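# Structural overview for review
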Amino acid sequence: MVVIWTALLAASLVIATVLIHYEVLRATSRLVTTVPIAARSRILLVLAGIFTAHLLEVSLYALAYLLMSDHFGLGSIRGMTGGGFVDYFYFSITCYTTLGLGDVFPSGAMRIVAGIEALNGFVLIGWSTSFTYLAMERFWKEAGKPPLA
């Protein structure tokens, strides 16, 4: 039964992060086309939006890990930890970015969510890369500079 609840939680986190990512990218896209600033500066807005989306998504996973560990008994993180939210946030960043240093690692059912987060983060980072490339190509054309071939 624990595996089913954990899988449902992981699926819910994937859906939530995809929705967050979509909405932030949509809002960012709308903002950069309406703000009266130089085309070069617009890319900074794109990157700020993307960075914000990723931080929100990592924070959501960190909160889920905290709840899984402290309130639902669905695992824990072990290793070099101090026992606070910062540890869950750090662990979430290493999972999301597929960095996986190994100084902090999951135990119990939390391992399933950590694996799903790595896949989810990989996909969302790829989406951000594509979005950034398309924005840069568009802004370079507006600035009168040809994109790199």
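In short, a report on the structure. In this text the structure is predicted, and so the values were computed from the model without any measurement.

### Quick look at the overall build of the protein
For the protein, the helix and strand inventory stands at four helices and two strands. Once the C-alpha set of the protein is aligned to its principal axes, its extents read approximately 55 × 30 × 25 Å. Taking all 149 residues of the protein together, 35% fall into the buried category. Of the roughly 8500 Å² that the protein leaves accessible, carbon and sulfur atoms contribute 72%. Side-chain charges of the protein comprise 9 positive and 8 negative groups, with the mean position of each set lying 12 Å from the other.

### What to know about helix H1 (residues 2–34)
One full turn of an α-helix is made of 3.6 residues, so residues set three or four places apart face in the same direction. Over its 33 residues, H1 runs 48 Å from end to end, which matches the ideal 48 Å to within 8%, given 1.5 Å per residue. Structurally, H1 contributes buried residues whose contacts are with helix H2 (39–70) and helix H4 (110–142).

### With respect to the packing of helix H3 (residues 85–96) against H4
Two numbers describe how H3 lies on H4: the axes approach to 7 Å, and their chain directions differ by 60°. By the angle between their axes, H3 is oblique relative to H4. For the pair H3 and H4, the contacting residues are Phe91, Ser92, Cys95 and Tyr96 in the first and Ala114, Glu117, Ala118, Gly121, Phe122, Leu124 and Ile125 in the second. In terms of residue class, the contact of H3 with H4 is made up of eight nonpolar, two polar and one charged.

### A look at the side chain of Thr28
For Thr28, the position within the fold is in helix H1. A residue is classified by how much of its surface remains accessible, and Thr28, at 7% relative accessible area, is buried. At a separation of 2.7 Å, a polar atom in the side chain of Thr28 contacts the main-chain carbonyl oxygen of Val24. Not counting the four nearest positions on each side in its chain, Thr28 is found in contact with Leu45, Val46, Gly49 and Phe131.

### Here's the deal with the packing of H2 against H3
For the pair H2 and H3, the least separation of the axes is 8 Å and the interaxial angle reads 125°. The orientation of H2 relative to H3 falls into the category oblique. Crossing of H2 over H3 shows right-handed handedness. Of the residues in H3, those touching H2 at His54, Leu55, Glu57, Val58, Ser59, Tyr61, Ala62, Leu63, Tyr65, Leu66, Ser69 and Asp70 are Phe85, Tyr88, Phe89, Phe91, Ser92, Ile93, Cys95 and Tyr96. Taken together, the residues that form the contact of H2 with H3 break down as 14 nonpolar, four polar and two charged.

About the cut-offs
Each chain has its residues counted from 1, following the order in which its sequence is written. Totals for whole chains, interfaces and linings use every residue, but because this is a predicted model, local features are given only for residues with pLDDT of at least 70 and side-chain atom pairs only at 80 or more, for both listing and counting. Hydrogens and waters are ignored; side-chain quantities use all the structure's heavy atoms. Secondary structure elements follow DSSP: runs of H or I no shorter than four residues count as helices, runs of E no shorter than two count as strands, and numbering proceeds from the N terminus. Each residue is assigned to one of three classes by its accessible area relative to the maximum for its type, calculated with a 1.4 Å probe on protein chains only: buried under 20%, partly exposed between the two thresholds, exposed over 50%. The Shrake-Rupley method, run with a 1.4 Å probe, gives the accessible areas here. Residue values count only the displayed protein chains as cover. Here Asp and Glu are counted as negative and Lys and Arg as positive; His is not counted, and neither are the chain ends. Lysine's charge is taken at NZ, arginine's at CZ, aspartate's at CG and glutamate's at CD. Take the number of residues in a helix, subtract one, and multiply by 1.5 Å to get its expected span. Contact between two residues is taken to exist if any of their heavy atoms lie within 4.5 Å; hydrogens are not considered. Angles shown run from 0 to 180 degrees and are taken between the N-to-C directions of axes, each axis being a line fitted to C-alpha atoms and, for helices, limited to the stretch in contact. These descriptions rest on fixed angle ranges, namely under 35 degrees for roughly parallel, over 145 for roughly antiparallel, 65 to 115 for roughly perpendicular, and the rest for oblique. Just so you know the grouping, Ala, Val, Leu, Ile, Met, Phe, Trp, Tyr, Cys and Pro go in nonpolar, Asp, Glu, Lys and Arg go in charged, and all remaining residues, Gly too, go in polar. Definition of a polar contact: a pair of N or O atoms within 3.5 Å, with one able to donate and the other able to accept a hydrogen when the atoms are protein atoms, and with sequence-neighbouring residues admitted only if both atoms are side-chain atoms. Rotating anticlockwise by less than a right angle from the far helix to the near helix defines a left-handed crossing, while the corresponding clockwise rotation defines a right-handed one.

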